[in-house]
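Residues per chain are reported as follows:
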Amino acid sequence: MIEFNHKQQIVSDGSEQVQIKVVGLGGAGLNVIDRIVLDGGAQGADLVVMNTDVQSLTSSVASRKVQLGRDATRGLGAGGDPEIGSSAAEEAREDIRKALDGAGLIFLCVGLGGGTGSGGAPMVAAMAKESGALVVVIATMPFTFEGKRRSRQAEDALIPLQATADAVICFDNDVMGDAVAPKAGIHQAFAAADETISQCVRAVAGLFTQPGILHIGFDELCAALRPGAAGAGRCLFGYGEAEGDNRAHDALARALRNPLMDRGRMLDEAHNVLVNVAGGPDMTLNEVQTLMEALTKHTGDETQILFGAAVDPAMAGRMGVTLVSSTGIAAAMAGVETQFVPHVMPAPMPVHVPAVAVVATSGAIPEAEREEMAASVEPGEELTLEAEPAMTGAAAAEVSQTSLIDLSPLAAMPQTERPEPQPIQARMPRLPRQPRIMTAATDPQQTPLVPKKEEKQETLQFEPVTRGRFEKSEPTIVDGQDLDVPTFLRRNLKVS
Amino acid sequence: MARDHILVGLEIGTSKICVVVGDSKPDGSIKILGVGQAPSRGVRKGEIVDFDTAQKCVHEALVDAEEKSDVMIQSVYLGVTGAHIASFNNRGLVRIPEDQDEITEVDCDNVRLSAREVSIPSQNMFIHSILQHYYIDGQEGVLNPVGMMGNKLEADFHIIHGIGTRVKNAVRCVKEIPLEVEDVVFNPLAAAQVVLNQHQKNLGALAIDIGGGTTDYLMYVDGAVRQSGSLGIGGDHITNDISMGLRIPMARAEKLKIDEGSVTLGMALPGETVTLKDDSGFAGKEVERETLNTIIHMRMRETFDLLKRQLEAGGDLHLLGAGIFITGGTSLLRGIDHLAQEIFELPVHITHAQTMSGLTSAFENPQFSTAIGLIKYAQAVQMDRPSGWLSKFTQRLPIFGRKR
């Protein structure tokens, strides 16, 4: 890890770029940061942890640590009380400010429901905002079994966060827990949650620091996270990568298999879906089309698809898909969210991207993939992988890629592009100076002529659909679904 | 015909054919004399698909019933179901001529006919038109208008109709045995007569009969039938799902469902397995219990969700004061009441035919609710018919409507 940070240091000294900071607040946030480090870090990002509990701070592997509430808690935790958490953060105001200073984009990872996270997050988010950075809050809601009180504290903390942050990605621990086999231990459930968030942070950070052929910007991210018409919703996130002849399908299937995707079922309710496709130079238009067609079967007729694509030689022979969406955040917050969205700038995006930069576009992806593919690999091994560029095959390519990434898109970004410490609206004037190359991508956005649900059935089944006993009888069709086909098949549930 | 007090209900079900022989006592009680049944073949989703095979099974069941009850069966009340059966509510109106003093029975018949003057698909026939309420000159709550004065007689009816040929197929199947069919009754209407009592009907109750091939429902609100219908999903679907999901034969899947299946998730120990025994009793394939339960759960949840959506469309779900009463063979599935309770958010009871005497084993089995209900229905109709006027009691019971 030290090596990793070292590298960042050199890079940031040598180039003008938007500084990304990933802040982990409270115990849960700290776990996420540790997980990000173990997974290979987020390129170009400084990792900061803030906690009241000195013990966990000491054991954290993050480069920068801020102790909250030196007097208020005297190095102990906040004891699940948001008020203590809040006063602890208040006490460390200066330290926090220092830690956040100079960042253009801040990810705040926080587990809501406890003391430090729920109490401190609104303040830290506000300070991050004051520093002029774009703020993306990645919040996890507690498991139901943690009790109603924690849920309430989490809800209470979420409301101010929705108001301050530019985007809030809200993960529901319960949903993530569902993804873990029932016989898995509780630590596995929490680990799965951390892993998903870490994947999300790295993928999202990668999304709008690296330019692509069709670039995904911050505005697209916000749009994807914008609440839908339905009431309370949740964040959908999925990442998948595959190789071989059927890689387009497989990559999408893997992305949809992510616990937060609910096997693509939830996509149906989503208003906006952000899709970023990355692949090697051998990725064909046909494959992208296949993939997008397969995806549109999961989305509703009204869904807007925000499409991005990137070519990365390191991805030769493979394809990766990142999906980000939301089924809508609580209606009460809808106003707040929509209010800021129009003002949000696309991530700084030079039109003439140097070749290296394009190469680097999907830099986040090899890492995410590595995490997915080698989930069982010991953290230590992964770190060696990172440190030794003299690896063989794809892994080597990925690693060398990581170093390129640091130089490329951010380097191309003039210093003035860094968001000023002003309200969001102040960033508006940058818009004309930054012609976006999204125009090409707007077409796929506006033409999600999604096939009807009936067709969904037929094409989704990779195995021939059998109706078993009801083969010869008149099908029971309700709402376009053939109810004679087992429910678990129609819902793509894997059994036995 | 009817005076002999022996009433026979015949239900041609998807999984079994069931004949119940009952003795109707003058005081209105019914004594079950015998129950005959035969496994059903050639029936899918409550409808006959293989005429000859089905007929053989009906015959078997009848012979069985005759043996057990020691009664020669001459005529039956036939239960029908199937997803083709639909229903709606409609109001009929007749104007009473100026020179007529009081409302007569003829007017009551006319109002019923006028309620039927709606367009149903041409191949459909009326199965029932069930009286809900009378109104005289707009005045509500008239129980029996005969003999009252008024200018305008209106009545709300719940009308049940289905595809004519399919209903007639079932009738023909019985008639060719040969056996007289006294009446055709929509299954849930029959079942509701025995699983719900008058008090529950008044409070508002929903009877759900989950059988082998169909899930039939009938809702009473304020003592009158408000909604009814049939969904082509039943226990067979669960068995089929299990069979396909676990790749085991249907017969094995059926046994597994009955012996081990549950709709409740999360109750199985992690990694707990069920060993499938083959016919010779040797241990065969092992199946993870949670997988089995997940398959069942998914299907039942979907079925209840669909049902809830259909019922919500009618907008009467909040009027169910007594709650939901589930009967039929599939109601024996473990945990089904909890799932229904979770989805409908109403009190749910697993129930069987009530207020009967005779064979306890028969009426306490929810599988026989419909067949026993047919007798109860028959009794109510017969008490109504010879008397020639609508007593307060029978008026509340559904009256068989004439076929066109």
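All values derive from a computational prediction rather than experimental measurement. (Residues numbered from 1 in each chain as written. Chains lettered and ligands numbered in written order. Predicted model: local features only at pLDDT ≥ 70, side-chain atom pairs only at ≥ 80, totals over all residues.)

1. Points about the overall build of chain A
From N to C terminus, chain A includes 21 helices and 12 strands. When each of the 496 residues of chain A is scored for burial, the buried share is 53%. A separation of at least 24 residues holds for 81% of the contacts in chain A among residues at least 6 apart in sequence. (Helix = DSSP H or I, 4+ residues; strand = E, 2+ residues; numbered from the N terminus. Buried ≥ 20, exposed ≤ 12 C-beta atoms within 10 Å, placed from the backbone. Contact = placed C-beta atoms within 7 Å.)

2. Digging into the overall build of chain B
The secondary structure content of chain B amounts to 12 helices and 19 strands. Burial statistics for chain B: of 404 residues in total, 50% are counted as buried. Intrachain contacts of chain B at a sequence separation of at least 6 include 69% that bridge at least 24 residues.

3. Describing the packing of helix α11 (residues 247-257) of chain A against helix α12 (residues 285-296) of chain A
All names here are of chain A. In the contact formed by α11 and α12, the axes pass within 8 Å of each other and the chain directions differ by 40°. Viewed along their axes, α11 and α12 form a crossing whose handedness is right-handed. Each of Ala248, His249, Ala251 and Leu252 in α11 lies in contact with α12, whose residues at this interface are Glu287, Thr290, Leu291, Ala294 and Leu295. Looking at the contact of α11 with α12, its residues break down into six nonpolar, two polar and one charged. (Axes fitted to C-alpha atoms, helices over the stretch in contact; angles between N-to-C directions. Left-handed = near helix turned anticlockwise from the far one by under 90°. Nonpolar A, V, L, I, M, F, W, Y, C, P; charged D, E, K, R; others polar.)

4. Comments concerning the nonpolar core
Core analysis: the largest hydrophobic core is formed by 109 residues, its most contacted members being Val19(B), Val20(B), Tyr77(B) and Ala207(B). Beyond its immediate sequence surroundings of up to four residues, Val19(B) is in contact with Val8(B), Leu10(B), Gly36(B), Gln37(B), Ala61(B), Leu62(B), Ala65(B) and Ala371(B). One finds Ile96(A), Met127(A), Cys222(A) and Tyr239(A) within the second-largest nonpolar core, a separate group that totals 104 residues. (Core = buried A, V, L, I, M, F, W, Y, C linked by C-beta atoms within 7 Å.)

5. Quick look at the interface of chain A and chain B
Residue-level contacts link 18 residues of chain A with 26 residues of chain B. Grouping the constituent residues of the side of chain A that touches chain B by class yields eight nonpolar, six polar and four charged.

6. Notes on unusual backbone geometry
All names here are of chain B. A cis amide bond links Ile177 with the next residue in sequence, Pro178, at an omega value of 0°. Note that Pro178 resides in the loop between α3 (164-175) and β11 (180-186). The backbone of Asp70 shows a phi angle near 60°, a positive value even though the residue is not glycine. For Asp70, the position within the fold is in the loop between α1 (51-69) and β6 (75-80). Backbone geometry at Asp222 places phi at a positive 60°, although glycine is not the residue there. With respect to the helices and strands, Asp222 occurs in the loop between β13 (215-221) and β14 (224-231). Residue Asp222 is classed as partly exposed on the basis of its C-beta count, with 14 C-beta atoms lying within 10 Å.

7. Section: the confidence of the model for chain A
Residues and elements named next belong to chain A. Taken over all residues, the pLDDT of chain A has a mean of 65, while the share at 70 or more is 59%. Low confidence marks residues 228-233, where pLDDT is under 50. Its contacts with residues over four positions away, or in another chain, come to 20 contacts. Between residues 329-462, whose pLDDT stays under 50, and residues either more than four places distant or in other chains, the model counts 225 contacts. (pLDDT = per-residue confidence, 0-100.)

8. Observations regarding the environment of Lys152(B)
Residues and elements named next belong to chain B. Within the fold, Lys152 resides in strand β10 (residues 152-163). Judged by the 14 C-beta atoms lying within 10 Å of it, Lys152 is partly exposed. Residues Lys152 and Tyr135 lie 17 residues apart in sequence; the distance between their C-alpha atoms is 8.2 Å. Beyond its immediate chain neighbours, meaning those up to four positions away, Lys152 contacts Leu93, Arg95, Ile96 and Asp137.

9. Notes on the environment of Thr327(B)
All names here are of chain B. Within the element layout of this structure, Thr327 appears in strand β17 (residues 323-327). With 23 residues separating them in the primary sequence, Thr327 and Ile350 have C-alpha atoms 6.0 Å apart. Once residues lying within four places of it in the same chain are set aside, the contact partners of Thr327 are Ala191, Val195, Ala207, Asp209, Thr351, His352, Pro366 and Ser369.

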